[in-house]
Amino acid sequence: MSGPTGAVREQQGKQEQEALLTRLRELLHDEPISREIAMFGARAIMVRDKMLCCARKDGNLLAHIDPADDAEMSRQPGASPAEMGPGREMGPGWLNVAADSIADDDRLRFWLDACLAFNRAKTQPQS
């Protein structure tokens, strides 16, 4: 017996992505979300006109964190270097977080806090 067809897999992926987007919007209700745009084959959430994170089609999170925290955060459950294509890592500060490791809101909030800290550091006026 074969697995789901490409169209069925694509529909499932869209549902997983939309479910993650809904959770992200709820957790970010106090943040100044600028817009959502298609980026990196995902839906990016822009806060203060900078990319905060992306909901990928498989329900994974593309987290944009401080590159200085990359080594430490890469050791978190479900985290791996983000890729723009097979074997093409995006570099420090870009992590893919597996959907099953952010299944509860506390773990998703953990990642959002890291993304928000970097976003604020990049968007706050320098004194």
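The structure presented is a predicted model; accordingly, all values stated were derived computationally and were not measured.

1. Things to note about the UniProt feature "domain: TfoX N-terminal" (unreviewed entry) in the protein
Here is step 1: Within the UniProt annotation, "domain: TfoX N-terminal" (unreviewed entry) is assigned to residues 38–117.
Here is step 2: In this annotation, residues 38–117 is assigned 21% helix and 39% strand; the end-to-end C-alpha distance for the span is 23 Å.

2. Overview of unusual backbone geometry
Here is step 1: A positive phi angle, near 55 degrees, is found at arginine 48, a position not held by glycine.
Here is step 2: Structurally, arginine 48 can be placed in the loop between strand S2 (42–47) and strand S3 (50–56).
Here is step 3: Accessibility expressed as a relative area gives 24% for arginine 48, which makes it partly exposed.
Here is step 4: The residue aspartate 49 is not glycine, and still its phi comes out positive at about 65 degrees.
Here is step 5: Examined against the element boundaries, aspartate 49 turns out to sit in the loop between S2 and S3.

3. Observations concerning the nonpolar core
Here is step 1: Counting residues in hydrophobic clusters, the biggest one holds 24 residues, and the most contacted among them are Leu24, Leu52, Leu61, Leu108, Trp111 and Leu112.
Here is step 2: Put simply, the parts of the chain that give this core at least two residues each are helix H1 (6–27), S2, S3, strand S4 (61–64), strand S8 (94–97) and helix H3 (105–123).
Here is step 3: Broken down by element, this core gets its largest block of residues, six residues, from H3.
Here is step 4: Beyond its immediate sequence surroundings of up to four residues, tryptophan 111 is in contact with Leu61, Ala63, Met73, Gln76, Ala79, Leu95, Val97 and Ile102.
Here is step 5: Counting residues in each nonpolar core, the second largest holds nine residues, with Ala42, Cys54, Ala82 and Met90 among its members.

What counts and how
- Residues numbered from 1 in each chain as written.
- Predicted model: local features only at pLDDT ≥ 70, side-chain atom pairs only at ≥ 80, totals over all residues.
- Heavy atoms only, no water.
- UniProt positions renumbered as here; feature names shortened; annotations may be inferred.
- Helix = DSSP H or I, 4+ residues; strand = E, 2+ residues; numbered from the N terminus.
- Buried < 20%, exposed > 50% of the residue type's maximum accessible area, 1.4 Å probe, protein only.
- Core = buried A, V, L, I, M, F, W, Y, C linked by side-chain atoms within 4.5 Å.
- Contact = heavy atoms within 4.5 Å.

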